[in-house]
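Chain by chain, the residues:
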Amino acid sequence: MITDSHCHLDFPQFADELDDVINRAHQAGVSRMVSICTSSKGLANVQKISQNNPSVFHAFGIHPLHVHEEPLITLDALLDTTKHPKMIAIGETGIDYHYSIETKDLQIESLHLHITAAQETGLPLIIHSRDADDDMAKILSSRYKEQSYGCVMHCFSSGAELARTALDCGFYLSMSGVTTFKNSNSLREIFRAAPVDRILVETDAPYLAPAPYRGKRNEPAFAIETAKMGASLFDMTFEKFAAQTERNFETLFSKVKS
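A short note on the packing of aromatic side chains
Here's step 1: Inspection of every chain in the model, using the stated rule, returns eight aromatic pairs.
Here's step 2: With centroids separated by 6.0 Å and ring planes inclined at 70°, the aromatic side chains of Phe11 and Tyr207 adopt a geometry described as edge-to-face. Pair noted here: Phe11 is in the loop between strand 1 (2–7) and helix 1 (18–28) and Tyr207 is in the loop between strand 8 (199–201) and helix 9 (223–233), with a separation of 196 residues, a long-range link.
Here's step 3: The class for Phe11 is buried, based on a relative accessible area of 15%.
Here's step 4: Aromatic side chains Phe156 and Phe191 sit 6.3 Å apart centroid to centroid with 85° between the ring planes, which places their arrangement in the edge-to-face category.

Re the pairing of strand 1
Here's step 1: In terms of burial, strand 1 is largely enclosed, as six of its six residues are buried.
Here's step 2: For strand 1 and strand 2 (residues 30–37), the ladder comprises four bridges, and the chain directions are parallel. Within strand 2, the residue paired with Thr3 across the bridge is Arg32.

Observations concerning the nonpolar core
Here's step 1: Leu9, Met153, Phe156 and Leu173 are the most contacted members of the largest nonpolar core, which totals 67 residues.
Here's step 2: If you tally residues by element for this core, the top one is helix 5 (residues 104–121), at six residues.
Here's step 3: Leave out the neighbours within four places in its chain, and Leu173 touches Met153, Phe156, Ala163, Ala166, Leu167, Phe191, Ala194, Arg198, Ile199 and Leu200.
Here's step 4: Ala59, Ala89, Val152 and Phe249 belong to the second-largest nonpolar core, a separate cluster that totals 14 residues.

With respect to the pattern of salt bridges
Here's step 1: Going through the model one piece at a time under the given rule, you end up with 12 salt bridges.
Here's step 2: Note that Asp135 is salt-bridged to Lys104, the shortest N-O span being 3.8 Å. Of this pair, Asp135 sits in helix 6 (residues 133–146) while Lys104 sits in helix 5, and the two are 31 residues apart along the sequence.
Here's step 3: A relative accessible area of 32% means that Lys104 is categorised as partly exposed.
Here's step 4: Taking the shortest distance from any N to any O, the salt bridge between Glu219 and Arg217 comes out at 3.0 Å.

Things to note about helix 5
Here's step 1: A rise of 1.5 Å per residue sets the reference length of helix 5, with its 18 residues, at 26 Å; its end C-alpha atoms lie 26 Å apart and thus fit the reference within 8%.
Here's step 2: Gln107, Ile108, Ser110, Leu111, Leu113, His114, Ile115, Ala117, Ala118 and Gln119 are the residues of helix 5 that are buried.
Here's step 3: Looking at the buried side of helix 5, the elements it contacts are helix 3 (75–81), strand 4 (87–96), helix 4 (97–100), strand 5 (125–130) and helix 6.
Here's step 4: Phi turns positive, to about 80°, at Gly122, one or two residues after helix 5.

Calculation rules
Residues numbered from 1 in each chain as written. Predicted model: local features only at pLDDT ≥ 70, side-chain atom pairs only at ≥ 80, totals over all residues. Heavy atoms only, no water. Phe/Tyr/Trp six-rings, centres within 6.5 Å; stacked < 30°, edge-to-face > 60°. Helix = DSSP H or I, 4+ residues; strand = E, 2+ residues; numbered from the N terminus. Buried < 20%, exposed > 50% of the residue type's maximum accessible area, 1.4 Å probe, protein only. Pairing = 2+ DSSP bridges. Core = buried A, V, L, I, M, F, W, Y, C linked by side-chain atoms within 4.5 Å. Contact = heavy atoms within 4.5 Å. Salt bridge = Lys/Arg side-chain N within 4 Å of Asp/Glu carboxyl O. Expected span 1.5 Å × (residues − 1).

Encoded structure:
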């Protein structure tokens, strides 16, 4: 059994068959899912999904591509969301210069706020980073030196330097379906060089379906294909790799156990 550590079960692509999607995940061997809320307006629905499904947990943060859509969330408001018993992480937050460099300053301000919330609560941070390796490395490492916090680099597809910075801080790298793509050799090498006790598995569903489902709507059940790739990269049996990623998940997302 494995955990899909990052999916978006509240997205409209799943609205008409959410129960079936969750059941297919269980049948495939995905025992738990973390549904990530990316904006304040979606929080109530994500909370409802996790409350109604024992195998679903949730995280909340303001996605960097959404920071301009509403007033910047306050630290108190963000901290208040962490009181929910099934909210196990803060994010996703981060920096995305690929789609929205014009909101750079606001993205960075929001990222700092989320880091502070992670430091104050002890909940791990979920990071989205795209085309922002240098700024992301500087911010994450400098804030970690000030006060430690847990963190996962969600759907990691950045460069080797950012991977090293994250790992040096004790952070985790999360494998998505991108690692199964034919043109992802350099990314696979980054994961292969990482400690296996710092690896998580995710789908980012409904996006980035792994081979052999590439081009289709992704769903948590497909995390098994990414885990198979992970087992191959680390020269482990699927069962041993799955067990290791479960230990990794429970170490980082420790609130799950309570």
